[in-house]
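So you can see what is in the structure, the chains are spelled out below.
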Amino acid sequence: MSIKPKTPQSQPTAQEGSTASSRTPASLNRQILALAIPAFGALIAEPLFVMADSAIIGHLGTPQLAGLTLGSTVVQTVIGLSVFLSYSTTPAVARAFGAGNLKQAYTAGRDGLLTALLLGVLVGGILWIFAPAIVTILGGQGDVHGFGVDYLRWSMPGLPAMLAVLAAVGVLRGMQDTKTPLYVATAGAVLNAALNWVLVYPVGMGVAGSALGTSVVQWLMALVLGAMVVRGMRAHGVPFALHGSGVLGVLKVGSWLMLRTLSMRIALLATVFVATAQGAENLAAYQLVLTFFNFLAFALDSLAIAAQALLGKELGARDLTLLEERDAVVHLKNRLVRWALGFGVVTALLCPLIGFFAAPLFTADPAVQYLFALALLVVAVGQPLASYVFILDGVLIGAQDVRYLALASLVNAVVYLPMLAAVYLVFSGDATAAGFVWLWISYAIGYMGMRALTLGYRARAGVWIK
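Note that this is a predicted model, so its numbers are computed, not measured.

1. A look at the overall build of the protein
Along its length, the protein carries 16 helices and zero strands. For 466 residues, the compact-globule formula gives about 23 Å, and the C-alpha radius of gyration of the protein, at 22 Å, lands near that figure. With the C-alpha coordinates of the protein rotated into their principal frame, the extents come out at 60 × 50 × 35 Å. Sequence-distant contacts, at least 24 apart, represent 84% of the contacts inside the protein between residues at least 6 apart. For the protein, the computed accessible surface area is about 18900 Å², with 70% contributed by carbon and sulfur atoms.

Here it is in structure tokens:
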């Protein structure tokens, strides 16, 4: 993984050229794509860690794979809740970068990185101690319980590195660099697969070897990305000393972002509960649809990441006391929304094609194929809506309007749960296509529609420009 970091001096500042919204439409489009495409690659590279683990462990036996599932579920939940380390760091760094204050940008990066390491050590220690109890709560028994504990505990040495990678990636995105995270994530995924195979089979560590291999690779990734941040800190005179106010600032923003993420996960878990109540066929089809829905979400989220970086930079570069400068920020936001809606149309067109022509690739069960195809028609209808939600989420994160995002997510979940309750009461235990379709109407259109309303209201109000 020999990746030569860019020198901080080689990175442009906002003053070295015109800002994003003052460039030609073609130039702005290229800037958006230059950030979004590598971000998409990095997003799909990261899940390869779990996929590699699953493929390698799957050949050991069913108990081992089941144990991996339980252990990795805990790890992925922690990582999902900790994404605020990236989402809080990106806009803070981008705003300072846009203002041409690289010292402040790297100071924000240092705060995010040190917070990630401290949090990783704390949470990792707690999960190591309580791993047996956690796996038991998740339903692990017998050999499955033992393998689940092994995977969870041997993953914990790598948790500080996993969180540090999130923060470091946030710093680089704020510096308008999404290519380096792509290179590191891709190299990491390849190395992870090779090292895990060696530790699992020739070394004979089994499930524990898979977790240890991932921990080692995460530390290598953290060192590569962290070295780039440290190099910038040294070049701009940023001290390494930990400042309590900086950590508290990250955690304050992070607490709102964590509430946002937690509300969204509760909505998703409730959806899984309703799908489970509809029977095995509906649950199997739900898993397939969700997998495809999440893949489409990576494409939409890549634009949201571009929005975080570009909006943060633009807000730092502009004098927001002037009306024309605020209008320039709105111009960039509108351009991002148009791009997202275009992405939404493209992903919508993919859904029926996948549903009707590729279903046999995912399952041999005709009933599940039929449900899969029907649900993807609903997902297709909701894709432009989802794209609108994702981009505005990125815009408001870029503007650091995190309190509103958290409260809106909470409201959305509260409104969505009664929709799910109605589907549950009408179709519980009834493995019919109607119940499955209404489930996806509730999620892809009802829930996303609520999110679109709350985020769209905020974006149109303009109060986030500050």
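2. Considering the confidence of the model for the protein
Chain-level pLDDT for the protein is 87 on average; 92% of the residues reach the 70-or-more range. Within the protein, helix α7 (residues 159-174) carries the highest mean pLDDT (96), whereas helix α2 (residues 48-58) carries the lowest (72).

3. Concerning the packing of helix α5 (residues 102-137) against helix α10 (residues 244-277)
Contact geometry for α5 and α10: axes closest at 9 Å, N-to-C directions at 80 degrees. Taken together, the axes of α5 and α10 lie roughly perpendicular to each other. Facing Asp111, Gly112 and Thr115 of α5, the residues of α10 in contact are Gly246, Val247, Val250 and Leu251. Considered class by class, the residues forming the contact of α5 with α10 number three nonpolar, three polar and one charged.

4. A short note on the pattern of salt bridges
Two side chains carrying opposite charge are able to pair once their charged atoms lie near each other. Scanning the model with the defined rule gives six salt bridges in all. The residue Arg110 makes a salt bridge to Asp111 at a minimum N-O spacing of 3.0 Å. Comparing Arg110 with Asp111 shows no difference in burial state: the two are buried. For the salt bridge of Arg318 with Glu325, the shortest nitrogen-to-oxygen distance reads 2.8 Å. On the accessibility criterion, Arg318 (14% relative accessible area) is buried.

5. Focus: the packing of aromatic side chains
Tallying each qualifying case throughout the model produces 11 aromatic pairs. Ring centres of Phe293 and Tyr443 lie 5.7 Å apart, and the angle between their planes is 70 degrees; on these two criteria the pair is classed as edge-to-face. Taken together, the positions of Phe293 in helix α11 (residues 280-317) and Tyr443 in helix α16 (residues 433-461) put the pair 150 residues apart, joining distant regions of the chain. Here Phe293 matches Tyr443 in class, with each residue buried. With a centroid separation of 6.1 Å and an interplanar angle of 65 degrees, the aromatic rings of Tyr416 and Tyr443 are classed as edge-to-face. Taken together, the positions of Tyr416 in helix α15 (residues 402-427) and Tyr443 in helix α16 put the pair 27 residues apart, joining distant regions of the chain.

Basis of the calculations
- Residues numbered from 1 in each chain as written.
- Predicted model: local features only at pLDDT ≥ 70, side-chain atom pairs only at ≥ 80, totals over all residues.
- Heavy atoms only, no water.
- Helix = DSSP H or I, 4+ residues; strand = E, 2+ residues; numbered from the N terminus.
- Rg over C-alpha atoms; globule rule 2.2 N^0.38 Å.
- Contact = heavy atoms within 4.5 Å.
- Areas by Shrake-Rupley, 256 points an atom, 1.4 Å probe, with all protein chains shown as cover.
- pLDDT = per-residue confidence, 0-100.
- Axes fitted to C-alpha atoms, helices over the stretch in contact; angles between N-to-C directions.
- Parallel < 35°, antiparallel > 145°, perpendicular 65-115°, else oblique.
- Nonpolar A, V, L, I, M, F, W, Y, C, P; charged D, E, K, R; others polar.
- Salt bridge = Lys/Arg side-chain N within 4 Å of Asp/Glu carboxyl O.
- Buried < 20%, exposed > 50% of the residue type's maximum accessible area, 1.4 Å probe, protein only.
- Phe/Tyr/Trp six-rings, centres within 6.5 Å; stacked < 30°, edge-to-face > 60°.

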